[in-house]
Structures are given as structure tokens and as C-alpha cells.
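# Coordinate inspection notes
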Amino acid sequence: MIIDDGMLFRQAVEKDAGTLVKLHDQAARWMRANKIDQWKPGDKDAEHFRARIREGEVWIAEDADGRVVGAYELWWSDEEAWGVQPPVAGYVHRLMIERSAAPAGAGMRILEHAEYRIARTGRERARLDCVSTNPRLLAYYQGAGYRVVGECPSKQGTDGRVYGVILMERRLDV
């Protein structure tokens, strides 16, 4: 699928796992440099991304020259944060941007692609969560039309730490 700004979206395959790890770690280092306590370099390894590719959808955004400019994971349930839910939503995770290559507005375009994928399944809501201690990200998603619908105060990370997340959703035209 080609978006009007020349970004091409393709579903990731297992050989993309290393690229996704690199993208995640670059995003994590940017967060740390900007005093955002969320992702940590090394938190997600190639096996994490290979498993997500096998179990669901991982999408990569490329520019017209084939350079990776971003990616995201799309899940069809998220019981850890949202509990058991009826199948009315898709869950966007790990929206990542390659800051040195991505055009302005790439994050919003990638989010729009995720919403498009969700709506194509007939599901009427896009959902995501963001760490409670990241007001910049909360404001970003609110600017994209997401509203706060709850909080999960005790989500557990892969490293064992417990943290709170804000639950957000946006109704989609299906």
C-alpha cells in the first residue's frame, strides 16, 4: 500500500527481525537522551519480533528509495493491559520511527496505516497504551484523536519492572 507522501508499507517477514531490533534500540536511545523513561535498548530482541511476525502483524514503512523509516506491531488482543475484550479493536504497539530517515509527520502516517488495517477487519476501535510517566506521548496520541479510557497501574515489563500505562482508544469509520 502506498501512502500519498511516498511511504510504502509492507508486512514484515522473519528476516526483518534484525532491522526491527535496530529500529527499536535507536528509538529507545532517543527516548533516554530526551529524558523519557519508557523503552530500554536491548529490551526487544530478534526473537521477540520473529514471534510477533508469526503471531500477528508487524508492518514496516519504507521511503521511495527502500530505506526503513518506521514500523509498528498490530495485535488483535491485549489482555495484559486491557483484560478480556470483545473483538472490536486492534491494538497498536511499538510504533517506531527512524528519526534520521523519516519524513516529517511519519509517525502520524504510520498510525493512520495501523488504523486502516484495523478498520479493514471491520473492527471499530484502534487502541494503544502509553506509559503513565510520558506526558509528551499522551499529548501526541490525543492530538491524533485518541482519548483516555482507563489506566492499567501494574503492567509488568519483560525485565520484571512494574509500571502504569494509560489506555487510549479512537473510534474508526468502518
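Residues numbered from 1 in each chain as written. Predicted model: local features only at pLDDT ≥ 70, side-chain atom pairs only at ≥ 80, totals over all residues. Heavy atoms only, no water.

### Some points on the overall build of the protein chain
The line we're drawing: Here a strand is any run of E in DSSP of at least two residues, a helix any run of H or I of at least four, and the numbering for each starts at the N terminus. Based on C-alpha atoms, the radius of gyration is set beside the globule rule, defined as 2.2 Å times the residue count to the power 0.38. Three labels apply to residues, based on accessible area from a 1.4 Å probe with only protein chains included: buried if under 20% of the type maximum, exposed if over 50%, partly exposed otherwise in between. Any two residues having at least one pair of non-hydrogen atoms within 4.5 Å are treated as being in contact. Computed with the Shrake-Rupley method and a 1.4 Å probe, the accessible areas treat only the protein chains shown as cover for residues. This count recognises Lys and Arg as positive and Asp and Glu as negative, with His and chain-terminal groups excluded. Every charge is mapped to an atom, namely NZ of Lys, CZ of Arg, CG of Asp or CD of Glu.
What the protein chain contains, in helices and strands, is five helices and seven strands. Seen in sequence order, the protein chain has helices and strands lined up from the N terminus as β-α-α-β-β-α-β-α-β-α-β-β. Here the C-alpha radius of gyration of the protein chain, 15 Å, is about what a compact globule of 174 residues would show, namely 16 Å. In terms of overall dimensions, the protein chain has C-alpha extents of about 40 × 40 × 30 Å along its principal axes. Burial statistics for the protein chain: of 174 residues in total, 49% are counted as buried. Within the protein chain, contacts between residues separated by at least 24 positions form 62% of all contacts whose residues are at least 6 apart in sequence. Taken as a whole, the protein chain presents about 8800 Å² of accessible surface, with 48% of it coming from carbon and sulfur. Within the protein chain, one finds 26 positive and 27 negative side-chain charges whose respective centroids are separated by 2 Å.

### Comments concerning the pattern of salt bridges
Our working rule: Salt bridge criterion: a side-chain nitrogen from Lys or Arg within 4 Å of a carboxyl oxygen from Asp or Glu.
Scanning the model with the defined rule gives 18 salt bridges in all. Two residues, Glu 73 and Arg 94, come together in a salt bridge whose shortest N-O distance is 2.9 Å. Remark: Arg 94 occurs in strand 4 (residues 89–97) and Glu 73 occurs in strand 3 (residues 68–75); sequence separation between them is 21 residues. Look at Glu 73 and you get buried, because its relative accessible area is 0%. Across the pair Glu 115 and Arg 170 runs a salt bridge whose closest N-O atoms are separated by 2.8 Å.

### Details of the packing of aromatic side chains
Here the distance between the centres and the angle between the planes together describe a pair of aromatic rings. Heads up, the condition is: Each Phe, Tyr or Trp ring, with Trp reduced to its six-membered ring, pairs with another whose centre is within 6.5 Å; inter-plane angles below 30 degrees give stacked pairs, above 60 give edge-to-face pairs, and intermediate values give tilted ones. Charges are assigned to positions over rings by a cutoff of 6 Å between ring centre and Lys NZ or Arg CZ, combined with an angular limit of 35 degrees from the ring normal.
All told, the structure shown has three aromatic pairs when counted by the stated rule. Geometrically, the ring pair formed by Tyr 141 and Tyr 146 is edge-to-face, given 6.1 Å between the ring centres and 65° between the ring planes. Grouping residues by exposure puts Tyr 141 and Tyr 146 together as buried. Through pairs of rings, three or more aromatic residues link up here, namely Tyr 140, Tyr 141 and Tyr 146. Just above the ring of Trp 75 sits the side chain of Arg 52; from NZ or CZ to the centre is 3.8 Å. Across the ring face of Trp 30, the terminal group of Arg 99 is positioned such that the distance to the ring centre comes to 3.6 Å.

### Some thoughts on the sheet that holds strand 6 (residues 147–156)
For clarity, the threshold we go by: Paired strands are those between which DSSP finds at least two bridges. Convention adopted: a line fitted to C-alpha atoms gives each axis, helices being fitted over their contacting stretch, and angles between N-to-C directions are expressed from 0 to 180 degrees.
The strand order across the open sheet built from seven strands is 1-2-3-4-5-7-6, with neighbouring strands paired in mixed fashion. Looking along the sheet, the strands with just one partner apiece sit at the ends: strand 1 (8–11) and strand 6. In this sheet, adjacent strand axes meet at a mean angle of 30° when their direction is disregarded. Of the pairings in the sheet, the one linking strand 4 to strand 5 (residues 125–131) comprises three bridges and is parallel in character. Bridged to Tyr 91 within strand 5 is Arg 127. Strands strand 2 (57–62), strand 3 and strand 4 of the sheet are contacted by helix 2 (residues 46–55), whose axis makes an angle of about 60° with strand 3.

### Observations regarding the environment of Ile 110
Relative to the assigned elements, Ile 110 resides in helix 4 (residues 106–120). For Ile 110, the residues in contact, after removing those within four places along its chain, are Met 7, Phe 9, Ala 61, Gly 70, Ala 71, Tyr 72, Leu 95, Met 96 and Ile 97.

### Re the nonpolar core
The condition is simple: Among buried residues, the Ala, Val, Leu, Ile, Met, Phe, Trp, Tyr and Cys ones that are joined through side-chain atoms within 4.5 Å form a nonpolar core.
In terms of nonpolar packing, the biggest core is built from 27 residues, with Val 92, Ile 110, Leu 111, Tyr 141 and Tyr 146 touching the most fellow members. Counting only elements with at least two residues in this core, the list comes to strand 2, strand 3, strand 4, helix 4, strand 5, helix 5 (135–143) and strand 7 (162–171). Once you skip the residues sitting within four places of it in the chain, Tyr 146 turns out to touch Leu 111, Glu 115, Ala 126, Leu 128, Tyr 141, Met 168, Glu 169 and Arg 170. One finds Ala 12, Ala 17, Met 31 and Ala 71 within the second-largest nonpolar core, a separate group that totals 16 residues.

Remember, this is a structural readout, not a statement about activity or role.
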